[in-house]
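Spelled out from the first residue to the last, the chains are:
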Amino acid sequence: MSDDRCEIAFSDFLEDEIYDQAQELLFQMLRKAFIAGWKAAKEDKIKEDKIIVLPK
């Protein structure tokens, strides 16, 4: 029973505006970190190959 309540609460959280705000903040942090790394690597030294491969 506890698992069902947890899933319902999580589903409600995903549908809430606060989730959208948290997701946007995480995206902004990740983007800024990537840009900082890109600039630290001197842009021209970065290969055009994929840096990270995420599983599907």
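Before reading on, note that the structure itself is shown above.
These remarks concern the structure in this document. (Residues numbered from 1 in each chain as written. Predicted model: local features only at pLDDT ≥ 70, side-chain atom pairs only at ≥ 80, totals over all residues. Heavy atoms only, no water.)

## Here's the deal with the overall build of the chain
Then step 1. Across its full length, the chain holds two helices and zero strands.
Then step 2. The buried share of the chain, reckoned over its 56 residues, is 2%.
Then step 3. Per element, the accessible surface of the chain, about 5900 Å² overall, is 59% carbon and sulfur. (Helix = DSSP H or I, 4+ residues; strand = E, 2+ residues; numbered from the N terminus. Buried < 20%, exposed > 50% of the residue type's maximum accessible area, 1.4 Å probe, protein only. Areas by Shrake-Rupley, 256 points an atom, 1.4 Å probe, with all protein chains shown as cover.)

## A short note on a negative patch on the surface
Then step 1. Where like charges cluster on the molecular surface, the negative patch consists of D12, E15, D16, E17 and D20.
Then step 2. The exposure class assigned to D12 is partly exposed, which follows from its relative accessible area of 47%. (Patch = residues over 30% accessible without salt bridge, like charges linked within 9 Å, V, L, I, M, F, W, Y side chains within 5 Å. Salt bridge = Lys/Arg side-chain N within 4 Å of Asp/Glu carboxyl O. Lys, Arg positive; Asp, Glu negative; His and termini not counted. Charge placed at Lys NZ, Arg CZ, Asp CG, Glu CD.)

## Quick look at the packing of aromatic side chains
Then step 1. Summed over all chains, the structure comprises three aromatic pairs.
Then step 2. Between F13 and Y19, the ring centres sit 5.5 Å apart and the planes meet at 80°, which makes this aromatic pair edge-to-face.
Then step 3. With a relative accessible area of 36%, F13 lands in the partly exposed category.
Then step 4. With a relative accessible area of 25%, Y19 lands in the partly exposed category.
Then step 5. One aromatic cluster is present, formed by F10, F13 and Y19 through successive ring pairs. (Phe/Tyr/Trp six-rings, centres within 6.5 Å; stacked < 30°, edge-to-face > 60°.)

## Describing a nonpolar patch on the surface
Then step 1. Taken together, the side chains of F10, F13, L14 and I18 present a nonpolar region at the surface, about 360 Å² in accessible area.
Then step 2. No other element matches helix α1 (residues 2-14), which puts three residues into the nonpolar patch.
Then step 3. Among the structural elements, F10 can be located in helix α1.
Then step 4. You can call F10 partly exposed: its relative accessible area is 44%.

## Observations concerning helix α2 (residues 17-40)
Turn by turn, an α-helix covers 3.6 residues, leaving residues three or four places apart pointing in a common direction.
Then step 1. The terminal C-alpha atoms of α2 lie 35 Å apart, and with 24 residues this matches the ideal 34 Å at 1.5 Å per residue to within 8%.
Then step 2. Remark: K42 follows α2 within two positions and exhibits a positive phi of approximately 70°. (Expected span 1.5 Å × (residues − 1).)

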